[in-house]
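# Residue-level structural notes
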Amino acid sequence: MTIFNFTIRRIMRDKGQLITMLLVPIGFITLVMMLFSGGQFNMSIGVVDYDNTEWTQSFINSLDNKGIIVSIDEDEIEGKLLSNKINLGLVIPKGFTDDVVSMENPQIQAYSINETDVTVPVTIFIDNFLAASKHIAAAADGNIDTFNKGISLYINGSNNVKEAFYDVGESKGSTVSGMGFLVMSMLYFSVSASGIIMEDKEGKTFYRVLTAPVRLREYMLQKILSFLVLLQAQVITVFLLMKYVFKMNMGPSLFNLLVALFVFSIVCISFGVALTSLSKNTRQLSALSPILIIPMVMLGGSFWPREIMPEILIKLSNIVPTTWILISIEKILYGQNLVSITTELGILLMFSIVFFLLGTWKKTEIEV
Amino acid sequence: MILKINNLVKRYKDVLAVDNASISIAEGEIYGLLGPNGAGKTTLISTILGLTKYDEGSIEIFGKDLKKNEYEIKKEIGIVPQDLAIYLDLTAYENVEYFGRLYGLRGNLLKERIEEALNFTGLWDRRKDVPKKFSGGMKRRLNIACAVMHHPKLIIMDEPTVGIDPQSRNLILDSVVKLNKMGSTIIYTSHYMEEVEAICSNITIIDHGRVIAKGTKEELKSMISFEERLAIDISSVNFNLVDGLKKVIGVKECSLNGNKLLIISEKNANNLSRIIDVILKMDVEIKGLNIEKPTLEGVFLTLTGRSLRD
Ligand SMILES: Nc1ncnc2c1ncn2[C@@H]1O[C@H](COP(=O)(O)OP(=O)(O)O)[C@@H](O)[C@H]1O
Ligand SMILES: [Mg+2]
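What counts and how
- For every chain, the first residue of its written sequence is number 1, and the numbers climb from 1 along that sequence.
- Working convention: letters from A go to chains and numbers from 1 go to ligands, in the order in which they are written.
- Local features in this predicted model are restricted to residues whose pLDDT is 70 or higher, and side-chain atom pairs enter the listing and the counts only when it is 80 or higher, whereas totals over whole chains, interfaces and linings include all residues.
- Where side-chain values are given, they derive from all heavy atoms of the structure, hydrogens and water being excluded.
- UniProt positions are given in the numbering used here, feature names are shortened, and annotations may be inferred rather than shown by experiment.
- Each metal site is built from N, O and S donor atoms within 2.8 Å (3.2 Å for Na, K and Ca), and since water is not included, such sites may look incomplete.
- Helix and strand labels come from DSSP, where a helix needs a run of H or I of at least four residues and a strand needs a run of E of at least two; each type is numbered from the N terminus.
- The buried label goes to any residue with under 20% of its type's maximum accessible area, the exposed label to any with over 50%, and the partly exposed label to all in between, with areas taken from a 1.4 Å probe on protein chains only.
- As used throughout, domain bounds are those supplied by an automatic or database domain assignment.
- Known as pLDDT, the predictor's per-residue confidence is scaled from 0 to 100.
- In what follows, a contact means two residues having at least one pair of non-hydrogen atoms within 4.5 Å.
- Two N or O atoms count as a polar contact when they lie within 3.5 Å, although within protein this holds only if one can serve as hydrogen donor and the other as acceptor, and sequence-adjacent residues are included solely when both atoms are side-chain atoms.
- Two strands make a pair as long as DSSP finds a minimum of two bridges between them.
- A fitted line through C-alpha atoms serves as each axis, taken over the contacting stretch for helices, and the angle formed by two N-to-C directions is quoted from 0 to 180°.
- The distinction between a cavity and a pocket rests on a 1 Å grid over the protein atoms alone: a 1.4 Å probe fits inside a cavity but cannot get out, while a pocket stays open yet meets protein on both sides within 12 Å along at least five of seven lines, and a residue with an atom within 4 Å of a point counts as lining.
- Grid points are joined across faces, edges and corners, and a volume is the space filled by probe spheres set on the points.
- The term buried area means the drop in 1.4 Å probe accessible area that two parts suffer when joined, counted for both and summed.
- The nonpolar class holds Ala, Val, Leu, Ile, Met, Phe, Trp, Tyr, Cys and Pro. Asp, Glu, Lys and Arg form the charged class, and all remaining residues, Gly among them, are polar.

- Per an unreviewed UniProt entry, chain B goes by ABC transporter ATP-binding protein and derives from Alkaliphilus pronyensis.

- With an unreviewed UniProt entry as reference, chain A is termed ABC transporter permease, source organism Alkaliphilus pronyensis.
- Regarding chain A, the relevant UniProt record gives this comment under Subcellular location (unreviewed entry): "Cell membrane".
- Heading Sequence similarities (unreviewed entry) of the UniProt record for chain A holds this comment: "Belongs to the ABC-2 integral membrane protein family."

And the structure:
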């Protein structure tokens, strides 16, 4: 395992490699966190409660950790929104609670200047709270006492009801974006790591290693293995950071996420190796990698949800591997198991086979 | 024979890089492979190591066929590539360690050999430095250290002294002789005939992929010693001098370059005193006289009509 050990040693010693391995994903994710949490922190929510029941109180209290709650009059809303005193105005109509309990479809009026990023997490939260309330109402079967009990259990989170609904309530938007950047960084890092093969060729050590009792197959295998280990280290470091420093919601199964990203790391490495063997020199390699990676991550949904793209681009995005890993990640984050992503993982493995074939296409003599 | 190459042919598209070469090298030799740039030396070495496929012929190393025993054969070979092949991001120590491990050395033996190789090349004190900080000569020496630490039976050095200062060059030449004394057979490739002349016992001269001459130094030189060359520095130039000298028996050619006379005579013409006589009679003073011995450079010049280094 000499080649394996020394490759890891060399990459860990290279500042440029470390930057692509860790600094880039961490930087992007920090940025995401700032965007997602920055506005929310100071957000003011103006509430007009015409109903004023136990349920509405619980509801308003539960908004407390989303922003500062101010009780206002309905005719103040517009002025306060415009003067930026509040970011969101909510009006709960009279009879709202009764409507919920009797399974009707009441609406809370929400006002904001426009639907900025800042208010999105709150409106999602409200939607989820309402959805949960309706489920509890259904279970309570019109009994207001049972309903209130269920709601308080739901808020205090002491039983299964919370598991089922509350989890959806906490926004995973930032996690999904963070994963998008992690996916991009993995691609970049694997290309830059595979660049070490190119460096070996240009520095002639590749030639020298093959004059030793080492087969080409052995050399490649150990290199690839070292890249694989380094990519897992990258993923795990970023995960730990997301979970414990940024306290992001990593979904129900960290293990499943790791499995999916392991499969993707194979794709990344085969991509890097293919690129290395198809480019003529280090310069070409570093010019080529962003040209290929950026469209790949843009189409795949690293920067924005794929769904907002025009139909044709969504269709086109099926031919990039990033699409399939991001779909897998999203599924896992929202509670699905590995079985549900077998198709996606299968497609990813096919990508890696294609890339490996491309990488070994031109098996010329070892250039001296 | 430690290495036997028979009728080897290697083509690169339309370039015939090795043209029907046959070379035999006995154990214990320092064998010189002399030829100008592009002669095919590096290509020949690559085929010996199995890195380049060849079109015709056969190669036997240590009495075994290369193709069937590549792996075992390589263990016993150390190669000093023409281009520096060291890791600039690993320390000198790590470089040697890396190649030692590739050759299967482990544990204490590995440590001993690393120290030995670095001492041998005078780099032990700089073992913790990365080669980025090294001079050209030091890099070349590290290039050698990486090739010899596993005590190979056969060491192949491809132009190990290209582009370095004379001091490092002498150090390297000394170390080649030392390695040979320690028991390794050495193939030494160069386009500097002085180097080959200084350390090699047997020599093959190649040009355009062809073996144009081979033998011991003396054998090669005797090939061209059917003539003698005489260079004379004179005090003044006299126009009748050249004509007069050409009439001396045995003189084949006489030319004047500034104040320097160049005279080529037939071998054993014994005409030196006659030549001096003619010069003195013209009232020209002799300031210096040099009888040029045949050199490998001369051999190459005679065989190809070109100088080794153009
Ligand atoms: N990979 C290659 N492809 C095509 N031609 C090559 C290649 N390597 C060497 N040659 C040609 O083969 C000839 C011998 O080259 P080389 O073995 O490097 O000579 P030397 O080492 O004696 O300087 C040269 O004409 C060179 O241009
Ligand atoms: Mg050469």
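There's plenty left to go through after this.
### Section: the coordination of the magnesium ion (ligand 2)
Residue and element names in this part refer to chain B.
- In the first shell of the magnesium ion (ligand 2), the protein supplies Thr 42 (OG1) and Gln 82 (OE1), at 1.9 to 2.1 Å from the metal. Of this pair, Thr 42 sits in helix α1 (residues 41–48) while Gln 82 is found in the loop between β6 (77–80) and α3 (92–102), placing the two residues 40 residues apart along the sequence.
- By relative accessible area, which is 18% here, Thr 42 ends up buried.

### Focus on the domain arrangement of chain A
- Assigned domains within chain A: domain 1 (2–34 + 172–367) and domain 2 (44–164).
- Summarising the inter-unit geometry, the C-alpha centres of domain 1 of chain A and domain 2 of chain A are found 43 Å apart.

### A few points about the confidence of the model for chain A
All names here are of chain A.
- Mean pLDDT over chain A works out to 84, with 90% of the residues at or above the 70 mark.
- Overall, residues 158–170 carries pLDDT values under 50, and its contacts beyond four positions in sequence, including any with other chains, amount to 18 contacts.
- Contacts of residues 364–368 to residues separated by more than four positions or lying in other chains number twelve contacts, the stretch itself having pLDDT below 50.

### Observations regarding the side chain of Ser58(A)
Residue and element names in this part refer to chain A.
- For Ser 58, the position within the fold is in helix α3 (residues 54–63).
- A distance of 3.0 Å separates a polar atom in the side chain of Ser 58 from the backbone oxygen of Glu 54.
- Among all residues touching Ser 58, those that are not within four sequence positions of it are Ile 151 and Ile 155.

### As for the UniProt feature "transmembrane region" (unreviewed entry) in chain A
All names here are of chain A.
- In this structure's numbering, the residues bearing the UniProt feature "transmembrane region" (unreviewed entry) are residues 18–36, 179–198, 224–242, 254–275, 287–306 and 341–361.
- Between the end C-alpha atoms of residues 224–242 the distance is 27 Å, and the span holds 100% helix and 0% strand.
- Secondary structure content for residues 254–275 is 100% helix and 0% strand, and the end C-alpha separation is 31 Å.

### Some thoughts on the sheet that holds strand β13 (residues 260–266) of chain B
All names here are of chain B.
- Strand order in the open sheet formed by four strands is β12-β13-β11-β14, and the pairing between neighbours is antiparallel. The outermost strands of the open sheet, each flanked by one partner alone, are β12 (251–257) and β14 (286–292). Recorded for the sheet is a direction-independent mean angle of 15° between the axes of neighbouring strands.
- Pairing geometry for β12 and β13, over six bridges, is antiparallel. In the sheet register, Val 251 faces β13, and the bridge partner there is Ser 265.
- In the packing of helix α9 (residues 239–246) onto the sheet, contacts are made with β11 (227–234), β12 and β13, and the angle to β12 comes to roughly 165°.

### Section: empty space enclosed by the protein
All names here are of chain B.
- Taken as a whole and assessed by the stated rule, the structure comprises two cavities of 30 Å³ or more.
- Looking at the largest cavity, its volume works out to about 40 Å³.
- Around the largest cavity sit Leu 3, Ile 5, Ile 23, Ile 25, Tyr 31, Leu 33, Leu 44, Ile 48 and Ile 187, which together line it.
- Put simply, the parts of the chain that give the lining of the largest cavity at least two residues each are β1 (3–12), β2 (15–25), β3 (30–34) and α1.
- Reported here for the second largest cavity is a volume of approximately 30 Å³.

### Examining the interface of chain A and chain B
- Taken together, the contact pairs 24 residues of chain A with 33 residues of chain B.
- Each partner contributes to the roughly 2700 Å² buried at the junction of chain A and chain B, and carbon and sulfur atoms together form 59% of this total.
- Remark: the boundary between chain A and chain B carries ten residue pairs in polar contact (both at pLDDT 80 or more).
- Put simply, the parts of the chain that give the side of chain A that touches chain B at least two residues each are α1 (2–13), α9 (173–202) and α10 (205–211) of chain A.
- When the residues that make up the side of chain A that touches chain B are grouped by side-chain class, the tally is ten nonpolar, four polar and ten charged.

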